[in-house]
Amino acid sequence: MAAPPSASPSPSPAAPGPGPVTPEVVAAVVSALRAAGCVFAEEEAELLLATARTPEEVTAMVDRRAAGLPLEHVLGWAEFHGLRIAVDPGVFVPRRRTEFLVDQALARAPHAPVVVDLCCGSGALGAALAAALGAVEVHAADIDPAAVRCARRNLAPYGGLAHEGDLFDALPAGLRGRVGIITANVPYVPSDEVALLPPEARDHEPKTALDGGADGLDVLRRVAAGASEWLAPGGCLLTETSERQAPAALAAFRDAGLTARLAESEELYAHVVIGLQP
């Protein structure tokens, strides 16, 4: 998948906490997080205290967060499109801006019978689409075994399947020509910029989920080139990119025979390339 996480965590419904939480406990957790450089220390403290089951677990979680582990890996979940998505250590954390991609997919194909989520990571996009579409066949694929295991957990409530392998090679052959929506939150950070990412992404997420090659578009071009074989007539391919890369990404979609357009969200700073199968 792609670029650095959004800075602010989002609250989620509270789980049973470690017992009565006094103002002194809250203050101590906030202080520890702030000292570690967490910009949103108050919000993170609320999530940690709501998730931990014992005082000892609070301490352990605060220590892990203070050591630089992504908040979502400490919690074991991330909120995405109204869902609580399990996120295992070492698995790419779904970004809030990617919710815009899900919304665009639903707007383009609100009755899609088959959905494919490539470069699926935790399976957040497939799960979000399945939750919104209802009766839909969902398949996800990733080259990372840890991501596939995580995606299987998140897709299980919807009857979705996650496959290990390289892009379309991982998919059942019977899906060819039947897919209404393909989402592909591909890695799109240029190789020489990966080292500039925040430590949370650079040190704790797989490089294969971040590094998109020399110009960041290597995987995007491969997805675009193969999509037509799998899309049903009128089906759509959606992928996230950066503002700078958008013109080249659009060209890659058009070179692959898709009708392409760019959707943007200023609020989320999201840029989604949408390709329609003729």
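One can find the structure itself at the top, above this paragraph.
Reference entry: report on the structure contained in this document. Quantities reported herein were computed from a predicted structural model and do not represent experimental measurements.

## Concerning a nonpolar patch on the surface
On the surface, Val21, Val25 and Val26 cluster together to form a nonpolar patch covering roughly 180 Å² of accessible area. One can find Val26 in helix α1 (residues 23–35).

## As for the pairing of strand β2 (residues 83–86)
Of the strand pairs in this sheet, strand β1 (residues 77–80) and β2 are connected by four bridges, and their pairing is antiparallel. Bridged to Glu79 within β2 is Arg84. Where β1 folds back on β2, the antiparallel hairpin that results is connected by two residues, among which His81 adopts a positive phi of roughly 50°.

## So, unusual backbone geometry
Backbone geometry places Leu167, a non-glycine residue, at a positive phi of 50°. Within the secondary structure, Leu167 sits in the loop between β5 (161–164) and β6 (179–184).

## Some details on α1
For α1, which comprises 13 residues, the first-to-last C-alpha distance of 18 Å matches the rise-based estimate of 18 Å (1.5 Å per residue) to within 8%. Regarding α1, the residues found buried are Val29, Val30 and Leu33. Take α1 and look down its axis: the buried residues cluster within an arc of 100°, on one side only. Exposed side of α1, more than 90 degrees from the buried face: Glu24 and Ala35 are the residues found there. Those residues of α1 that are buried are in contact with α2 (41–51) and α3 (55–66).

## A few points about the sheet that holds β6
Pairing within the open sheet is mixed, and its seven strands lie in the order β5-β4-β3-β6-β7-β9-β8. If you trace the sheet from one side to the other, it starts and ends with β5 and β8 (259–265), each paired once. Averaged over all adjacent pairs, the angle separating strand axes in this sheet is 20°, with direction ignored. Of the pairings in the sheet, the one linking β6 to strand β7 (residues 231–241) comprises five bridges and is parallel in character. Of the residues in β7, the one forming a bridge with Ile182 is Leu237. Running over the sheet, helix α6 (residues 124–133) touches β3 (114–118), β4 (137–142) and β6 and is turned about 160° from β3.

What counts and what doesn't
Residues numbered from 1 in each chain as written. Predicted model: local features only at pLDDT ≥ 70, side-chain atom pairs only at ≥ 80, totals over all residues. Heavy atoms only, no water. Patch = residues over 30% accessible without salt bridge, like charges linked within 9 Å, V, L, I, M, F, W, Y side chains within 5 Å. Areas by Shrake-Rupley, 256 points an atom, 1.4 Å probe, with all protein chains shown as cover. Salt bridge = Lys/Arg side-chain N within 4 Å of Asp/Glu carboxyl O. Helix = DSSP H or I, 4+ residues; strand = E, 2+ residues; numbered from the N terminus. Pairing = 2+ DSSP bridges. Expected span 1.5 Å × (residues − 1). Buried < 20%, exposed > 50% of the residue type's maximum accessible area, 1.4 Å probe, protein only. Arc of directions from axis to C-beta. Contact = heavy atoms within 4.5 Å. Axes fitted to C-alpha atoms, helices over the stretch in contact; angles between N-to-C directions.

The values reported here are purely geometric and, on their own, carry no functional implication.
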